[in-house]
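# A look at the structure
Listed below are the residues making up each chain.
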Amino acid sequence: MSSLLATTDFLDELERHIAQHPAVRHPFLQRFSRERLALHRIQSYGLQHYQLVKVFLTYMTNLVARIPDSSAATILRGVFEDEFGQYTVFRSHVHLYQNFLRALGLQDEDWGRIQWREETRNFVSGHLKLTQDGDVLMALGAIGPGHEYSIPLMFDYLLKGLRHNTALSDRELEYFAMHIEEDKDHAVAFRRLIAEVAQTAMARDRVRQGALFSLELRRRFWDGCHAAVFGRSL
Ligand SMILES: [Fe+2]
Ligand SMILES: [Fe+2]
């Protein structure tokens, strides 16, 4: 089998695996999408999630700087442009998320002084460390399939819960709706890059390990959100 075909098969299989991963089908997401939630519970979730949102670009920057293949920056250019907000910083993903928090009645000082849950801290420090000086192919797996592929699946639950528990407008929920669409394209960009740089079985295995590393931290992050929102651990 050619290495390109092997990589395509590998990525298809990995994505099928991710779609069934406990992080992606987490009880927190299921409950959030279905149950009646008071505003303060949605705020608790929103503030923990913000800590992940605001650091995502740092993972991307760390990662791209470490990929020797010169096509990495070109392949991921669209992902960077979307994250930064293309022509204006006010459309950056961090800004869109802040619009959501403001629509929930929160202010800058609320997201500045929020107490991080341990699971939130572990998620962020685990990804920072991996993208800064961990295995590069693992980092690629964590940010590519581990994030961009899994996010539309998880955000679907969040958006449902937010729609039926709040009166927020489409504009105020744009962060979520947009990621359900955009991250599908971002996942495709990462697939192209992985096909270029992970052409051996060993390299593909490291990509897989990175994706699973990220999803395990994500599973624990949702455990933390479950405790924060529903008041008890799973
Ligand atoms: Fe984003
Ligand atoms: Fe993305």
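My aim in this report is to walk through the structure given alongside it, one point at a time. (Residues numbered from 1 in each chain as written. Chains lettered and ligands numbered in written order. Predicted model: local features only at pLDDT ≥ 70, side-chain atom pairs only at ≥ 80, totals over all residues.)

## Brief notes about the overall build of the protein chain
Selection rule: A helix here means a DSSP run of H or I that spans at least four residues, while a strand means a run of E at least two residues long, and both kinds are numbered starting from the N terminus. In this treatment the radius of gyration is a C-alpha quantity, and the globule benchmark scales as 2.2 Å times the residue count to the 0.38 power. Working definition of a contact: two residues with C-beta atoms, positioned from the backbone, lying within 7 Å.
Scanning the protein chain from N- to C-terminus turns up twelve helices and zero strands. In sequence order, the protein chain lays out its α and β elements as α-α-α-α-α-α-α-α-α-α-α-α. In terms of overall size, the protein chain behaves like a compact globule, its C-alpha atoms giving a radius of gyration of 17 Å where 234 residues would be expected to give roughly 17 Å. Here the contacts in the protein chain between residues at least 6 apart in sequence split such that 84% fall between residues at least 24 apart.

## A closer look at the nonpolar core
Condition: Nonpolar cores are identified as sets of buried Ala, Val, Leu, Ile, Met, Phe, Trp, Tyr and Cys residues joined via C-beta atoms within 7 Å. Residues with at least 20 other C-beta atoms within 10 Å of their own are called buried, those with 12 or fewer are called exposed, and the rest are partly exposed. The C-beta atoms themselves are positioned from the backbone.
One finds Ala139, Leu140 and Leu158 to be the most contacted residues of the largest nonpolar core, which totals 57 residues. The biggest single contributor to this core is helix H10 (residues 136–165), with 14 residues.

## Let's talk about the packing of helix H2 (residues 27–34) against H10
Applicable threshold: Orientation is described by axes fitted as lines to C-alpha atoms, over the contacting stretch for helices, and by angles from 0 to 180 degrees between their N-to-C directions. Oblique is the label for every angle not falling under 35 degrees (roughly parallel), over 145 degrees (roughly antiparallel), or within 65 to 115 degrees (roughly perpendicular). Less than a right angle of anticlockwise turn of the near helix away from the far helix marks a crossing as left-handed, whereas a clockwise turn marks it as right-handed. Under the convention adopted here, Pro, Cys and the residues Ala, Val, Leu, Ile, Met, Phe, Trp and Tyr are nonpolar, Asp, Glu, Lys and Arg are charged, and Gly plus all remaining residues are polar.
Their axes nearest at 6 Å, the elements H2 and H10 cross at an angle of 30 degrees. It follows that H2 is roughly parallel to H10 by the angle criterion. Once H2 is placed against H10, the crossing between them reads as left-handed. Mapping the contact onto sequence places Leu29, Gln30, Phe32 and Ser33 in H2 and Met154, Tyr157, Leu158, Lys160 and Gly161 in H10. When grouped by side-chain class, the residues that make up the contact of H2 with H10 number five nonpolar, three polar and one charged.

## Re helix H9 (residues 118–133)
Basically, it comes down to this: Expected span of a helix: the number of residues minus one, times 1.5 Å. Within this analysis, the arc is defined by the directions that extend from the helix axis to the C-beta atoms.
The end-to-end C-alpha distance of H9, which contains 16 residues, comes to 22 Å, matching closely the 22 Å that a straight helix rising 1.5 Å per residue would cover. Residues of H9 that are buried: Glu119, Thr120, Phe123, Val124, His127, Leu130 and Thr131. For H9, the angular spread of the buried residues around the axis is 140 degrees, confining them to a single face. Seen from the buried face of H9, the exposed residues on the opposite side, beyond 90 degrees, are Glu118, Ser125, Lys129 and Asp133. The inward-facing, buried residues of H9 abut helix H3 (39–53), helix H4 (56–66), H10 and helix H12 (201–230).

## What about the packing of H2 against H12?
For the pair H2 and H12, the least separation of the axes is 8 Å and the interaxial angle reads 40 degrees. Between H2 and H12, the angle is such that the two are oblique. Facing H2, whose interface residues are Pro27, Phe28, Leu29, Arg31 and Phe32, H12 presents Trp222, Cys225, His226, Val229 and Phe230. A breakdown of the residues in the contact of H2 with H12 according to their chemical character gives eight nonpolar, one polar and one charged.

## Structural notes on the environment of Leu39
Here Leu39 is to be found in helix H3. Expressed as a C-alpha distance, the spacing of Leu39 and Ala142, which sit 103 residues apart in the sequence, is 32 Å.

## Focus on the environment of Arg102
Assignment of secondary structure puts Arg102 in helix H7 (residues 93–103). Spatially, the C-alpha atom of Arg102 lies 8.7 Å from that of Glu172, the residues being 70 residues apart in sequence.

Nothing here speaks to function; it is all geometry.
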